[in-house]
Amino acid sequence: MHWADVLADELLKEDKKHVLATGITPSGPIHIGNMREILTTDSVYRCLLSKGGDAELIYVADDFDHLRKVYPYLPKTYEKYVGMPISEIPCPCGKHKSYADHYLISFLNALKEIGVKPKIYRANEMYKSGKYNDSIQIALQNTEKIKEIIQKISKRELPKGWIPFNIKCEKCNRLTNTKPILYEYPIIEYKCDCGHSGEIDIKKGGVGKLPWRVDWPARWKMLNVTFEPFGKDLGTVGGARDTGKAIVDEIYDYPAPKYAVYEFIMLKGMGAMHSSKGTALSAEELLNMTPPEVLRFLIVNNQPDKHLVFDSGIGLLNLVDEYDKFERVYFEKEEAIKGMKELKKTYELSQPYDIAKTIPFQLPYRHLVTLVQIGEDWKEVKKILLRTQQIPKNLSVDDENHLKQRAEHARYWLDNFAPDMVKFEVKQKIPKVNLTKEQIKFLNSLLKNLSSITWEPENIHNAIYDSSEEDKIPIKTAFNTIYQIILGQEKGPRAGYFLSNLDKKFVIERVEQAIK
RNA sequence: GGGCCUGUAGCUCAGCUAGGUAGAGCAUCUGGCUUUUAACCAGGUGGCCAAGGGUUCGAAUCCCUUCAGGCCCGCCA
């Protein structure tokens, strides 16, 4: 059984409405690791629905959380905002309503692309509208009990006078510098390091925030959460999950949600990703280079508790190939090979939107990577594909959009992540090359042989070999020569296919120029 | 110090949530093939399933112990 089905079955043991939650603090570029949380939850959600369960998928953005420090990707001037809620800090690019929005919006766009449609909650709105008020009051009533729970389970000493509420200073706007002096419902008197003393009324929303270890369980109860996965960092003994479970049980009288612990995703050659260390690949970049179905496939095809390595180099091409193979097997165009586990479910969960009724048109991705380097844009690539009859004239709109989308991903990848090995440029003018007599001789034969053939990969391929044989020139030299005069480099894509995608006239003229 | 995960062919891994004769891809070798940015076809070689113990008629699979590796926690969230 697929892991998402196993989790869904676990939830279905209880016949009620399930709320599957996922929560990420938009304090920095949202990265591929966060995608795992989203996609893990979405997969379970989809399985639950397909089994006839009643379920809702929600996403809570904790945008009332405070800025921890000036992250490496922030200007130094952000020093003055440390400690303030990220929804109340200016946007780094100036185009969004707030710091939180800056990162959140791009993430929400990414969600759309991968076909995840959660109901969205924003913590800052929930606090300000008073949704948290009951939870806050209950927490404050149980200050001693909560303190005890946290100290016992996390083995951490909390300071004297600690209360489960971080007051936001009315003057400096920071959540981190205030100390409570006296609590008498509903008023808390406090003092802030900035020099300000004052009092707040907890019945008014947004005057402060529950600390994370209390906020989380409070949220479970408030939103009736029944399932929420989290990263291994939170799963540790004595961590937020442990204290949260005790707090939600004993203080909020609500059962802790079921969960899955997921491992991190490593970036090949870079180790684990941390948005706070700037070693992360943003969700945006990730999606720009990876077709959405392939990204889903990466997550869905692996158990959450296995760490993954995302290779933004050649490995990405292999991943796409692997996905395409799954697709062919799913549509029974090919035999399954052993090791393709849970093929049907995995393929279905990989689809951002609907599952196609018949197999989508496939063009080998590596070939597409070559094509987008020949054609300037999709229009030209399409022209080549049509001319060479690699796509049918009556290609469906869906198929064309799919191909086009993939071409865009391939292009982004080439521009930003691809190793030089796979890159080339068809030179508009003949590159400066010093050809040997041998090479010229070969080109002469090639010219003759190419002129007489129909412009198809195999014919071209044969023409190259014929020429090299006639002149007794090593085949390696033959290929090198071709790449030199067209690309200005020693190596290139498989010559037959490659040249067939170029205009015959262009190639012939280039060879003629080279001989002169 | 604590936790999670991993250990199966030279490499990457599947098989472990149904306990029932050890699998795939790559690499290698043989044969075919006109030697290309990770080419194709047919076939072959290759494993004490980390080690030890337990449960069982039967264990890669379940349980315990040990060893090795990776990551996380031990600030804040």
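Residues numbered from 1 in each chain as written. Chains lettered and ligands numbered in written order. Predicted model: local features only at pLDDT ≥ 70, side-chain atom pairs only at ≥ 80, totals over all residues. Heavy atoms only, no water.

Caption draft 1: Focus on the overall build of chain A. When you go through chain A residue by residue, the secondary structure sums to 20 helices and 13 strands. Taking 24 Å as the expected radius of gyration for a compact globule of 516 residues, we find that chain A reaches 30 Å, considerably beyond that expectation. Along the first, second and third principal axes, the C-alpha set of chain A runs to 100 × 50 × 40 Å. Residues classed as buried in chain A amount to 53% of the 516 residues present. For chain A, the share of sequence-separated contacts (at least 6 apart) that also reach a separation of at least 24 residues comes to 69%. (Helix = DSSP H or I, 4+ residues; strand = E, 2+ residues; numbered from the N terminus. Rg over C-alpha atoms; globule rule 2.2 N^0.38 Å. Buried < 20%, exposed > 50% of the residue type's maximum accessible area, 1.4 Å probe, protein only. Contact = heavy atoms within 4.5 Å.)

Caption draft 2: Up close: the packing of helix α10 (residues 292–300) against helix α15 (residues 397–416). For the pair α10 and α15, the least separation of the axes is 10 Å and the interaxial angle reads 75°. As judged from the angle between their axes, α10 and α15 are roughly perpendicular. Across the interface between the two elements, P292, E293 and V294 of α10 pack against H402, Q405, R406 and H409 of α15. Residue composition of the contact of α10 with α15, grouped by class: two nonpolar, three polar and two charged. (Axes fitted to C-alpha atoms, helices over the stretch in contact; angles between N-to-C directions. Parallel < 35°, antiparallel > 145°, perpendicular 65-115°, else oblique. Nonpolar A, V, L, I, M, F, W, Y, C, P; charged D, E, K, R; others polar.)

Caption draft 3: How the structure looks around a negative patch on the surface. Residues E170, E184, E189 and E199 make up a contiguous surface patch of negative charge. Checked against the element boundaries, E170 lands in the loop between β4 (166–167) and β5 (178–184). (Patch = residues over 30% accessible without salt bridge, like charges linked within 9 Å, V, L, I, M, F, W, Y side chains within 5 Å. Areas by Shrake-Rupley, 256 points an atom, 1.4 Å probe, with all protein chains shown as cover. Salt bridge = Lys/Arg side-chain N within 4 Å of Asp/Glu carboxyl O. Lys, Arg positive; Asp, Glu negative; His and termini not counted. Charge placed at Lys NZ, Arg CZ, Asp CG, Glu CD.)

Caption draft 4: Structural view of the pairing of β5. Note that β5 and strand β6 (residues 187–192) share six bridges and pair antiparallel. From the neighbouring strand, P180 faces β6, where its bridge partner is Y190. Taking the residues between adjacent antiparallel strands as the criterion, β5 and β6 are bridged by two residues. (Pairing = 2+ DSSP bridges.)

Caption draft 5: Quick peek at the protein's contact with RNA strand B. As a matter of local geometry, RNA strand B sits amid 38 residues, with W212, M421, F424, H461 and P493 nearest to it. Sugar and phosphate atoms represent 64% of those atoms of RNA strand B found within 4 Å of the protein. Note that a sugar or linking oxygen of RNA strand B is positioned 3.1 Å from one of the side-chain N or O atoms of R68. A distance of 3.0 Å separates a phosphate oxygen of RNA strand B from a polar side-chain atom of R156. Among the elements of the structure, α11 (314–330), α17 (457–470) and α18 (475–487) are those that each provide at least two residues to the surface near RNA strand B. The element best represented in the surface near RNA strand B is α17, accounting for four residues. Of the residues belonging to the surface near RNA strand B, the class tally is 17 nonpolar, six polar and 15 charged. (Near = heavy atom within 4 Å. Polar contact = N/O pair within 3.5 Å; in protein donor to acceptor, adjacent residues only side chain to side chain.)

Caption draft 6: Structural context of the sheet that holds strand β3 (residues 119–122). Judged by pairing direction, the sheet is parallel, and its three strands sit side by side in the order β1-β2-β3 without closing on themselves. In the strand order of this sheet, the two ends are held by β1 (18–24) and β3, each with one partner. Here the average twist between neighbouring strands, direction ignored, is 25°. Pairing analysis gives four bridges linking strand β2 (residues 55–61) to β3, with the strands arranged parallel. Its bridge partner being in β3, V60 is matched across the sheet by Y121. Along the sheet, helix α3 (residues 99–113) makes contact with β1, β2 and β3, crossing β2 at roughly 150°.

Caption draft 7: Spotlight on the state of the cysteines. Considering all chains together, one arrives at zero disulfides under this definition. Looking at the unpaired C192, the closest cysteine sulfur is the one in C194, lying at 3.5 Å. Taking relative accessible area as the criterion, C194 reaches 38% and is therefore assigned partly exposed. (Disulfide = S-S within 2.5 Å.)

Caption draft 8: Structural view of the pattern of salt bridges. Inspection of the entire model under this criterion finds 28 salt bridges. With its nearest N and O atoms 3.4 Å apart, the salt bridge here joins E56 to K17. You can see E56 sitting in strand β2 and its partner K17 sitting in the loop between α1 (3–12) and β1, a full 39 residues away along the chain. In the salt-bridge network here, residues are joined through shared partners; they are D5, D9, K51 and K345.

Caption draft 9: Quick look at the confidence of the model for chain A. Averaged over every residue, the pLDDT of chain A is 88; residues scoring 70 or more account for 97%. Of the two predicted TM-score estimates for the complex, the pTM is 0.90 and the ipTM is 0.85. (pLDDT = per-residue confidence, 0-100.)

Caption draft 10: Geometry of the pairing of β6. Every second residue of β6 is oriented toward a common face, the buried set being I188, Y190 and C192 and the non-buried set I187, E189 and K191. The pairing of β6 with strand β7 (residues 197–201) spans five bridges and is antiparallel. The residue bridging I188 from the neighbouring strand is I200, located in β7. Hairpin connection from β6 to β7: four residues lie between these consecutive antiparallel strands, with G195 at a positive phi of about 105°.

Caption draft 11: Representation of the sheet that holds β7 in the model. Spatial ordering of the open sheet is given by β5-β6-β7, a layout of three strands whose pairing is antiparallel. In this open sheet, the two edge strands, each paired with only one partner strand, are β5 and β7. Taken pair by pair, the neighbouring strands of this sheet meet at an average axis angle of 25°, ignoring direction.

Caption draft 12: Seen up close, the side chain of Q484. Note that Q484 resides in helix α18. Side chain to side chain, Q484 and E490 meet in a polar contact 3.1 Å long.

Caption draft 13: Expanded view of the packing of helix α14 (residues 378–387) against α15. Relative orientation of the contacting elements α14 and α15 amounts to 120°, with a least axis distance of 11 Å. Classified by the interaxial angle, the pair formed by α14 and α15 is oblique. When you trace α14 past α15, the crossing you get is right-handed. Here α14 contributes W378, V381 and K382 to the contact with α15, which in turn contributes E400, L403, K404, A407 and R411. A class-by-class count of the residues in the contact of α14 with α15 yields four nonpolar, no polar and four charged. (Left-handed = near helix turned anticlockwise from the far one by under 90°.)

Caption draft 14: Looking closely at the environment of I515. Take I515: it is sitting in helix α20 (residues 504–515). Residues contacting I515, with those up to four places away along its chain left out, are I440, L443, N444 and L447.

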